[in-house]
Amino acid sequence: MVKIGILTTSDRASKGIYEDLGGAEIKRILDEWLVSEHEYFYEVISDDFESIKSNLIKFCDEFGCDLVVTTGGTGPAPRDVTPEATVAVCDKILPGFGELMRSESLKFVPTAILSRQTAGVRGKSLIINLPGQPKAIKECLEPIFPAVPYCIDLIGGAYIITDESKMKIFRPKKK
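The sections below set out a description of the structure shown in this document.

About the cut-offs
Residues numbered from 1 in each chain as written. Predicted model: local features only at pLDDT ≥ 70, side-chain atom pairs only at ≥ 80, totals over all residues. Heavy atoms only, no water. Helix = DSSP H or I, 4+ residues; strand = E, 2+ residues; numbered from the N terminus. Buried < 20%, exposed > 50% of the residue type's maximum accessible area, 1.4 Å probe, protein only. Contact = heavy atoms within 4.5 Å. Areas by Shrake-Rupley, 256 points an atom, 1.4 Å probe, with all protein chains shown as cover. Lys, Arg positive; Asp, Glu negative; His and termini not counted. Charge placed at Lys NZ, Arg CZ, Asp CG, Glu CD. Patch = residues over 30% accessible without salt bridge, like charges linked within 9 Å, V, L, I, M, F, W, Y side chains within 5 Å. Salt bridge = Lys/Arg side-chain N within 4 Å of Asp/Glu carboxyl O. Pairing = 2+ DSSP bridges.

We now examine the overall build of the protein. Helix and strand counts for the protein stand at seven helices and six strands. Each helix and strand of the protein, placed in order from N terminus to C terminus, yields the pattern β-α-α-β-α-β-α-β-α-β-β-α-α. Projected onto its principal axes, the C-alpha positions of the protein cover 50 × 40 × 30 Å. With 175 residues in all, the protein has 49% of them scored as buried. Intrachain contacts of the protein at a sequence separation of at least 6 include 73% that bridge at least 24 residues. Taken as a whole, the protein presents about 8600 Å² of accessible surface, with 57% of it coming from carbon and sulfur. A gap of 5 Å separates the mean positions of the 22 positive and 25 negative side-chain charges of the protein.

Right, let's talk about a nonpolar patch on the surface for a bit. A contiguous nonpolar surface patch, about 310 Å² in accessible area, is contributed by V35, Y159 and I161. Mapping Y159 onto the fold places it in the segment after helix 7 (148-154).

Burial along strand 5 (residues 119-122) is two-sided: the residues A119 and V121 and G120 and R122 are all buried. Bridge analysis of strand 4 (residues 92-93) against strand 5 gives two bridges, and the strand direction is antiparallel. In the strand pairing of strand 5, I93 is matched with G120. In textbook terms, the turn of a hairpin is the stretch between consecutive antiparallel strands, and for strand 5 and strand 6 (residues 125-130) this stretch comprises two residues, one of which, G123, has a positive phi near 60°.

Here you go:
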């Protein structure tokens, strides 16, 4: 069973001012791609550094999530602190994820350079920061996901299988 955490960081969505479309989009995309049996752990919280940290730790350490995907809080605004909270809880940072997401996003919008997504490893969990806009979520998740299952293999997480007609992943050939 693959355990996936979805953490939406948004002051307004956490207060019910508007619906969390980002978290729903992540779930929709992953449900389309994944063949492996999987379950979700989902929270919508405010853009608060300590709350983000404690929820990331809960998803990784208590729930044992193999993959934790955040949405929101990756821009330059004062309340955007998701990357800082991610770095604070990770054992290792994987900057290539953020670099690729920004590179791909620049094909769609010039403001992609303002995004600060990152990724890292905490224990046996891979944490990936995504933007908050549903359209941008798919644009960022598509180019990086081929590497996600193998990364989770390397850190000792669950074995992820995808529908290869929808999401082709990469694993090195065994010798």
